[in-house]
Amino acid sequence: MSTASRLPGIVTTDHVFHLPLDHRTPEGEQIEVYAREVVASGREGDHLPWLLFLQGGPGGRANRPIGRDGWLVRALDDYRVLLLDQRGTGRSTPATRQTLARRGTPRQQADYLAHFRADSIVRDAELIRRQLLGDSGRWSLLGQSFGGFCVLSYLSIAPEGVREAFVTGGLAGLRSSAEDVYRAAYPRVARKNAGHYARYPGDVTAVQRIAAHLLERPAELPDGGLLTVQAFQGLGMLLGTGSGSHVLHYLLEDAWVEGVAGPELSDTFLAEVQAHLSFAQGPLYAVLHEAIYGQRSVDPAGTEWAAERVRKEYPEFDAEAAVREGRPVLLTGEMIYPALFENDPALRPLRETAQLLAERTDWPDLYSPEQLAANQVPVVAAVYHDDMYVDTADSLATADAVRGTRVWVTNEWEHDGLRAGGGAVLDRLIRMARGEV
């Protein structure tokens, strides 16, 4: 049963769909997939084209609107929007340490989670499209980051359901292995570190001091997690967003207080660090992060903790050596390491499951280069210059490989441009699709 709500400038309607866990066996186990329909107030009865929003991640639920704000300001001028909680996230049969424990052994959990990648998300969307629009109806796609990866899978698997596609920071390398991804990522992250330290030179000493302390005595976080120096380096995730460098700087300002035995890391700092580093709200991000790159024709040996293996090729990220040698400690970015599954209470029960997924070698291919080369669907994409999360060179190569793709390369925004830019980024893409720019 659908439930409607009125918020400032919008009307939302809840939809719950019962879909197969494994689309190869449609009569088998079913899961719930939730989506929120959003339309501008007063236009509920209008015949509007649908726009399906595919969130970044993996493991991120769709945004929760509180009114006509953000990119919805522009989208609702022309579309009826569907905000999809991708399977395993939000209200779509969530997959967490709590719910996965009901699946049984780590092997059973890993086999279950093998159905939570882009190919399954696309097939969910296709069943939802048919229920909402009918077999012949087509909708537009908006994919942010990992959502853009899903768009490429959609155009590979079911292009007949798509009338146009918008991608923001999400043109994945079609033939890039997990190793390729991280081998390109570490130098980009190093550049973001250099930019941050140039903006806030005092942070070089601030980060060195914290790293030196954690090397001697890892700190306990409020949730019982362990803040090691490697975990602390994970704050570099912030450097890929528009305001992240400033957030990091102000977080470091509150790092120390005078305790009974002398200077110690403050509760304020540790609580804020936990908020940035904990995967309690999105465990699938960590569990499936490398699996989103797994394709048996590209990664025949599995992903095998590619970020950890490739890191050894970049000794500049060795925090202990940096502290010893008195050079800047480099923070890391969108890398998932095995140690996270020891340190984070939300991930500890899933460490064996994550290991089995890292060892998996039978991942189906996610993209069809042949289908994409013959693509008939108009595609427009924002590619952010020196995007920390998605390699610009990969994105431009993919744009060349997907027939009919137009690209806007910009350094006005970081990876979170769709959110940070409000309706500006989407407006530009819509006008590009219409040939107005």
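Since we're looking at a predicted model, the values are computed, not measured.

Another point: helix H3 (residues 106-113). What H3 keeps buried is the set Gln109, Ala110, Tyr112 and Leu113. The buried side chains of H3 occupy one side of the element, clustering within an arc of 160 degrees when seen end-on. Where H3 is buried, its residues contact strand E3 (30-40), helix H2 (97-100), helix H11 (283-287) and helix H15 (351-359).

Turning our eyes to something else, we now look at the pairing of strand E7 (residues 162-168). Most of E7 is tucked away: six of the seven residues are buried. Across six bridges, the pairing between strand E6 (residues 139-144) and E7 is parallel. Each bridged residue has a counterpart across the sheet, and for glutamine 144 the counterpart in E7 is threonine 168. In terms of handedness, the path from E6 via helix H5 (residues 146-157) over to E7 forms a crossover that is right-handed. Inspection of the sheet shows E7 paired to strand E12 (residues 379-384) by four bridges, in the parallel sense. Paired with phenylalanine 166 across the two strands is valine 380, which belongs to E12.

Under the counting rule described, the total for this entry stands at 29 salt bridges. Residue aspartate 111 pairs with arginine 360 through a salt bridge whose shortest N-O separation is 3.2 Å. Taken together, the residues span a long stretch of sequence, with aspartate 111 in helix H3 and arginine 360 in the loop between H15 and helix H16 (369-373) at a distance of 249 residues. Judged by relative accessible area, which is 33%, aspartate 111 ranks as partly exposed. For arginine 360, a relative accessible area of 18% puts it in the buried group.

Within the open sheet, the nine strands sit side by side as E1-E2-E3-E5-E4-E6-E7-E12-E13. Their pairing is mixed. Among the strands making up the open sheet, the edge pair consists of strand E1 (4-7) and strand E13 (405-410). Each neighbouring strand pair of the sheet contributes to a mean axis angle of 20 degrees, computed without reference to strand direction. Sitting on the sheet, H5 is in contact with strand E4 (50-54), E6, E7 and E12, with an inclination near 140 degrees to E6. With respect to the sheet, helix H19 (residues 424-433) is in contact with E6, E7, E12 and E13, its orientation differing from that of E7 by roughly 140 degrees.

Quick notes on the rules
- Starting afresh in each chain, residues are numbered from 1 along the sequence in its written order.
- The model is predicted, so local features are restricted to residues of pLDDT at least 70 and side-chain atom pairs to those at 80 or more, both for listing and for counting; the totals for chains, interfaces and linings are taken over all residues.
- Just so you know, side-chain values use all the structure's heavy atoms and leave hydrogens and water out.
- Think of it in three bands: with a 1.4 Å probe and only protein chains considered, a residue is buried below 20% of the maximum accessible area for its type, exposed above 50%, and partly exposed in between.
- In this text, helices come from DSSP runs of H or I with a minimum length of four residues, and strands from runs of E with a minimum of two, each type numbered from the N-terminal end.
- The arc in question is formed by the directions pointing from the helix axis toward the C-beta atoms.
- The contact definition used throughout considers only heavy atoms, calling two residues in contact when any of these lie within 4.5 Å.
- Strands pair, by our definition, only if DSSP identifies at least two bridges between them.
- A clockwise course of the path from the first strand over the helix to the second, judged with the strands pointing away from the viewer, identifies a crossover as right-handed.
- Definition used for salt bridges: Asp or Glu carboxyl oxygen within 4 Å of a side-chain nitrogen of Lys or Arg.
- Only the stretch in contact is used when fitting a helix axis, every axis being a line fitted to C-alpha atoms; angles between N-to-C directions are given from 0 to 180 degrees.

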